[in-house]
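# Structural description and commentary
Okay, here's what each chain looks like letter by letter:
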Amino acid sequence: MKTNDICILLVDDEPDIIEIIRYNLAAEGYRVVTAENGEQALKVAKENHPHLIILDVMMPEMDGIETCIQMRKEPELTNSMITFLTARGEDYSQMAGFDAGADDYITKPIKPKVLISKVKALLRRFNGGEAGGKAGIITAGNLEINREEYKVVKGGEEVMLPRKEFELLFLLASQPGRVFQRDEILERVWGNEVVVGGRTIDVHIRKLREKLGGESIQTIKGVGYKFVE
């Protein structure tokens, strides 16, 4: 995918931050659309179907967490990656973001070059370069996992998963019975260019179990996780 084909939605209630980030993203050739609050962001997102949404957490009226939750309810935004951009670095805020369906988390202030590097890393994962390393369809029990369409069907009904949950599931299901260590999961699903908290995997595993049932993904205490058919 060419850079000028990629749409990025930037959402922040501070005009100076929007302008700085917009300028740097546009200089790289990305098509950038902006919004000043959550309600406006939902409207712009549904109109533009962005590949990546950079979403501030602390906003008036509808904050970033609630905006992310609402975005994940929209079928046309299922494949959009969402990363939070916020000055709040506390662990509980990050966990709330992942619970809401975010893919990653960037703490500001951030240098433009670092931001661009993180954006490129996120977009490489959007293009299917890292998690699982395998295209096609995996059938396991009553699950059908379609890598190319980013679709999961359970018992004939589609299950909507945010991109990171899908990539984690695809990785584990690509080799049933194999135990994936936590460090390998972080590297292959999140990549080594994006820093995430140590509890990130646990949050995503919990969300998958809630949606798919707890029997498919097993915890190997002190080691990692495995998928069983």
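In case you missed it, the structure is sitting above this.
One structure accompanies this document, and this report is about it. Because the structure is a prediction, the values reported are computed rather than measured.

Looking only at helices and strands, the chain has eight helices and twelve strands in total. Across the 229 residues in the chain, those meeting the buried criterion constitute 51%.

One open sheet accounts for three strands, arranged β10-β12-β11; its pairing is antiparallel. Bordering the open sheet on either side are β10 (180-181) and β11 (217-220), each of which pairs with just one other strand. For β10 and strand β12 (residues 224-227), the ladder comprises two bridges, and the chain directions are antiparallel. The residue bridging F180 from the neighbouring strand is Y225, located in β12. Along the sheet face, helix α6 (residues 163-173) touches β10, β11 and β12 and points at about 70° away from the line of β12. With respect to the sheet, helix α8 (residues 200-212) is in contact with β11 and β12, its orientation differing from that of β11 by roughly 145°.

Our next topic: the side chain of R163. If you trace the backbone, R163 turns up in helix α6. Buried R163, no salt bridge; nearest opposite-charge side chain is E167, N-O distance 4.3 Å. Among the polar contacts made by the side chain of R163, one reaches the side chain of Y150 at a distance of 2.9 Å.

To continue, consider helix α2 (residues 38-48). Among the residues making up α2, those that are buried are G38, A41, L42, V44 and A45. Where α2 is buried, its residues meet β1 (7-11), β2 (31-35) and α3 (64-71). The residue sitting at the N-terminus of α2 and contributing the capping side-chain oxygen is N37; that oxygen lies 3.2 Å from the backbone nitrogen of E39.

With that settled, consider the layout of surface pockets. In this structure, the largest pocket spans a volume of roughly 160 Å³. In terms of lining, the largest pocket is formed by I17, I20, I21, N24, L85, K108, P109, I110, P112 and L115. Listing elements by their share of the lining of the largest pocket, those giving two or more residues are α1 (15-27) and α5 (112-126). At four residues, α1 tops the list of elements feeding residues into the lining of the largest pocket.

The rules behind these values
- Residues numbered from 1 in each chain as written.
- Predicted model: local features only at pLDDT ≥ 70, side-chain atom pairs only at ≥ 80, totals over all residues.
- Heavy atoms only, no water.
- Helix = DSSP H or I, 4+ residues; strand = E, 2+ residues; numbered from the N terminus.
- Buried < 20%, exposed > 50% of the residue type's maximum accessible area, 1.4 Å probe, protein only.
- Pairing = 2+ DSSP bridges.
- Contact = heavy atoms within 4.5 Å.
- Axes fitted to C-alpha atoms, helices over the stretch in contact; angles between N-to-C directions.
- Lys, Arg positive; Asp, Glu negative; His and termini not counted.
- Salt bridge = Lys/Arg side-chain N within 4 Å of Asp/Glu carboxyl O.
- Polar contact = N/O pair within 3.5 Å; in protein donor to acceptor, adjacent residues only side chain to side chain.
- 1 Å grid on protein atoms, 1.4 Å probe; cavity = no way out; pocket = protein on both sides within 12 Å on 5 of 7 lines; lining within 4 Å.
- Points joined across faces, edges and corners; volume = space filled by probe spheres on them.

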